[in-house]
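Survey of secondary and tertiary structure
One letter stands for each residue in the lines below.
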Amino acid sequence: MKKDTLLLLLLLLPLLMLCSCKKAVLATYDRSANVYFDLSDADRDSIVYTFAYDMTKAQDTIFVPVKIMGYRDQHTRHFEIFVEKDSSTARADLHYDPLKSEYPLESNAGRAFMPIVVHNISALESQSVSLLVKLKASDDFGVENPTLIRARIIISAQLEQPAWWTMWLDNYSRVKHQLFLIVTEQRSLSTVGLDAPKNLYFANLLLMMLNDPFKWVKDHPEKNYVLSSNDNGQTYQFYHVDNPNRSILLRKNSASGKYYFIDESGKEVR
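Predicted, not measured: the structure shown is a model, and the values here were computed from it. (Residues numbered from 1 in each chain as written. Predicted model: local features only at pLDDT ≥ 70, side-chain atom pairs only at ≥ 80, totals over all residues. Heavy atoms only, no water.)

Our next topic: the side chain of Arg77. Topologically, Arg77 is positioned in strand β4 (residues 77–83). As a buried residue without a salt bridge, Arg77 has its nearest oppositely charged side chain in Asp73, at a separation of 4.8 Å. Polar side-chain contacts of Arg77 include one of 3.1 Å to the backbone oxygen of Tyr71. If we ignore the near neighbours within four places in the chain, the residues touching Arg77 are Ala33, Ile68, Tyr71, Arg72, Tyr103, Pro104, Leu105, Asp140 and Phe141. (Helix = DSSP H or I, 4+ residues; strand = E, 2+ residues; numbered from the N terminus. Buried < 20%, exposed > 50% of the residue type's maximum accessible area, 1.4 Å probe, protein only. Lys, Arg positive; Asp, Glu negative; His and termini not counted. Salt bridge = Lys/Arg side-chain N within 4 Å of Asp/Glu carboxyl O. Polar contact = N/O pair within 3.5 Å; in protein donor to acceptor, adjacent residues only side chain to side chain. Contact = heavy atoms within 4.5 Å.)

Next up, the structure:
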């Protein structure tokens with residue numbers, strides 16, 4: 001009797017194992033796919049994008065990575081996203097292009113990149129704005145993990161005074177810094193004394209431009225910057241031809257008759 005029972009158990013064991021395996025497979029693949037933002041630890045808090053070093057771009061595109069959690073499909077599917085306006089200071093059509101109601105995830109793909117077109121405007125030089133976007137459930141995807149479905153984007157064009165500035169240049173302003181970048185095409189200078197000849201050369205390039213911006217524009221047509229006046233030469237707007245939205249004011253000093261760029265505090269750049 002014991003032998004018969006043992007034999008029966010041995011015969012039933014493979015069948016029971018097969019049934020349990022089938023149930024596990026079905027549970028895994030019947031689960032709906034989810035989407036989340038595939039961000040690094042640094043970007044998880046906020047993605048910072050700055051136009052500070054380039055006045056020529058009227059706009060640019062930020063690509064935010066979106067990844068699926070679950071199975072891939074042979075058909076194109078779509079994920080949905082929205083802007084949390086109460087938590088955003090960026091304004092549609094001014095700071096960024098309005099988002100679409102849905103974005104595609106191509107067939108057999110495990111990730112996609114959601115494009116956000118941002119605009120380079122002069123107001124960003126003094127105040128950055130934030131854009132908070134969130135994924136939401138769609139017909140094709142769920143959003144199970146609430147900590148991974150938000151992305152905060154900081155849009156800026158602000159410059160900050162670098163440590164090397166006072167060693168080679170006089171008083172600082174963001175406008176003067178911007179002009180330095182345009183004229184010299186240098187993002188930084190060293191603080192090494194042996195580099196003095198080179199660094200003073202770059203400082204002198206800026207000084208010559210400040211002393212005669214009209215000559216600088218004429219002598220450097222390849223840079224595509226212009227000076228445009230709407231008040232018979234009392235003031236001019238200095239900007240790149242590709243982006244009039246980022247301009248710097250040039251104003252005539254009535255006492256000396258000389259023109260000076262005006263910084264963010266309303267002072268003459270010297």
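Moving on, we get to the packing of aromatic side chains. Tallying each qualifying case throughout the model produces 14 aromatic pairs. Both rings, one in Phe79 and one in Tyr103, keep their centres 5.9 Å apart while their planes meet at 25 degrees; by these two values the pair is stacked. Here Phe79, found in strand β4, pairs with Tyr103, found in strand β5 (residues 102–105); they are 24 residues apart in sequence, far enough to count as distant. Assigned by exposure class, Phe79 and Tyr103 land together as buried. Between Tyr225 and Phe238, the aromatic rings sit 5.1 Å apart at their centres with planes inclined by 15 degrees, giving stacked as the arrangement. (Phe/Tyr/Trp six-rings, centres within 6.5 Å; stacked < 30°, edge-to-face > 60°.)

Let's shift gears to the nonpolar core. Grouped together as the largest cluster of nonpolar side chains are 35 residues, with contacts concentrated most on Phe37, Val64, Phe79, Met114 and Val133. Where this core is concerned, the elements lending two or more residues are β1 (34–37), β2 (47–50), β3 (59–69), β4, β5, β6 (111–119), β7 (129–136) and β8 (150–156). (Core = buried A, V, L, I, M, F, W, Y, C linked by side-chain atoms within 4.5 Å.)

Attention now goes to the environment of Asp170. With respect to the secondary-structure elements, Asp170 resides in the loop between α3 (165–168) and α4 (174–184). Asp170 gets classed as exposed once you look at its relative accessible area, which sits at 58%. Along the primary structure Asp170 and Ala203 are separated by 33 residues, whereas in three dimensions their C-alpha atoms are 9.4 Å apart. Excluding residues within four positions of it along the chain, Asp170 makes contact with Trp165 and Lys176.

Next up on the list: the sheet that holds strand β11 (residues 243–252). Within the open sheet, the 4 strands sit side by side as β9-β10-β11-β12. Their pairing is antiparallel. Of all strands in the sheet, those with a lone pairing partner are β9 (225–228) and β12 (259–261), marking the two edges. Neighbouring strand axes in the sheet, compared pairwise and without regard to direction, differ in orientation by 35 degrees on average. Pairing between β11 and β12: 3 bridges, direction antiparallel. Its bridge partner being in β12, Arg251 is matched across the sheet by Tyr260. (Pairing = 2+ DSSP bridges. Axes fitted to C-alpha atoms, helices over the stretch in contact; angles between N-to-C directions.)

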